Amino acid sequence: MLKLENKIVLVTGASSGMGKAISLLFAKEGATVIAVARRLERLIELENSSAELSGKIIARKGDVSDESTMNTLIDSIVTEFGTLDILVNNAGIMDDMMPVTEVTNELWDHVMSINLKAPFNLIRKSLPIMISKGSGVIINIASVGGLFGSRAGTAYTTSKFAVVGLTKNVGFMYASKGIRCNAICPGSIDTEISVGIKNPSAFGLSRVRSGMVTNPRQGSAEEIAKAALFLASEDSSFVNGTTLTVDGGWSAY
């Protein structure tokens, strides 16, 4: 039995890494996945790769930090498919490991616009759709950096702590409306997000690396996708407003 048969899903940051893996697994389980990212050529490849799956992937180019574009996208999803069942806020960026004394206003605003403001806007837009039918699932990709103080720089850490708070607030506030909102906190995952680290702070990077020796291993995007499938499906029907740490035991030390 397919776990997400006929579900309409929106996945952000879907062109690579965890977003790509989540899109593929959800489509395999019968969902229609609207895959959003800035790199359309990657999304088209992803869409084509879903041809033999039980569900399908539909490529949509978009910048999650552009609220107007995202609102229009969600409106178009409802127009075409009638609803939105699952929202996966996966898009995110790193912050060059900058400690607070080295964070510029520009870096702070950029990280917050993608890591925090975009999920907030997408949740705010999606909730009325879900409330109207009495069901819906929201999955936020946070980070172990949202649970501990030095897995990244100041801006990234702050944004992911905030995503965890947003998750808990939404999960409790709308539980009686049939909505579940949970966050996945991945550990060190083999994705392209590190490509965005171009000019890391020497001091910040040294502090972050000081704890890496306790990390048992690096995880894969597919392992995070399996956790997302659990949270998206009825297997987790009583799981709400919480974080699922998927880090191979790193934070258990």
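Quick look at the structure, then. (Residues numbered from 1 in each chain as written. Predicted model: local features only at pLDDT ≥ 70, side-chain atom pairs only at ≥ 80, totals over all residues. Heavy atoms only, no water.)

1. A closer look at the side chain of T167
Filter applied, for reference: The numbering of helices and of strands both runs from the N terminus, where a helix is a DSSP run of H or I of at least 4 residues and a strand a run of E of at least 2. Exposure is judged per residue with a 1.4 Å probe applied to protein chains only, and the accessible area is read against the type maximum: over 50% gives exposed, under 20% gives buried, and values in between give partly exposed.
By the element assignment, T167 lies in helix 5 (residues 154-173). For T167, a relative accessible area of 0% gives the class buried.

2. Concerning the side chain of S143
Rules: For this analysis, a polar contact is any N or O atom pair within 3.5 Å, provided that within protein one partner can donate a hydrogen and the other can accept it, and provided that sequence-adjacent residues contribute only side-chain to side-chain pairs. Residues are treated as being in contact if the distance between any of their heavy atoms lies within 4.5 Å.
Turning to its location among the elements, S143 is positioned in the loop between strand 5 (136-141) and helix 5. The exposure class assigned to S143 is buried, which follows from its relative accessible area of 6%. At 2.7 Å, the side chain of S143 and the backbone nitrogen of G145 are in polar contact. Contact partners of S143, with chain neighbours within four places excluded, come to Y156, K160, I184, C185 and P186.

3. Overview of the packing of helix 3 (residues 67-81) against helix 4 (residues 105-133)
As a reminder, the rule being used: Inter-axis angles, ranging from 0 to 180 degrees, are taken between N-to-C directions of lines fitted to C-alpha atoms, where helices are fitted over the stretch in contact. Here is the rule for angles: anything less than 35 degrees is roughly parallel, anything more than 145 is roughly antiparallel, 65 through 115 is roughly perpendicular, and the remaining ranges are oblique. Should the near helix be turned counterclockwise from the far one by less than a right angle, the crossing is left-handed, whereas a clockwise turn marks it as right-handed. Note on residue categories: nonpolar means Ala, Val, Leu, Ile, Met, Phe, Trp, Tyr, Cys or Pro, charged means Asp, Glu, Lys or Arg, and polar means any other residue, Gly included.
Relative orientation of the contacting elements helix 3 and helix 4 amounts to 25 degrees, with a least axis distance of 10 Å. In terms of orientation, helix 3 lies roughly parallel with respect to helix 4. Helix-helix and strand crossings are classified by hand; for helix 3 and helix 4 the assignment is right-handed. Every residue of helix 4 that contacts helix 3 at E67, M70, N71, I74, D75 and V78 is listed here: N121, L122, R124, K125, S126 and I129. Here the residues of the contact of helix 3 with helix 4 are counted per class, giving five nonpolar, three polar and four charged.

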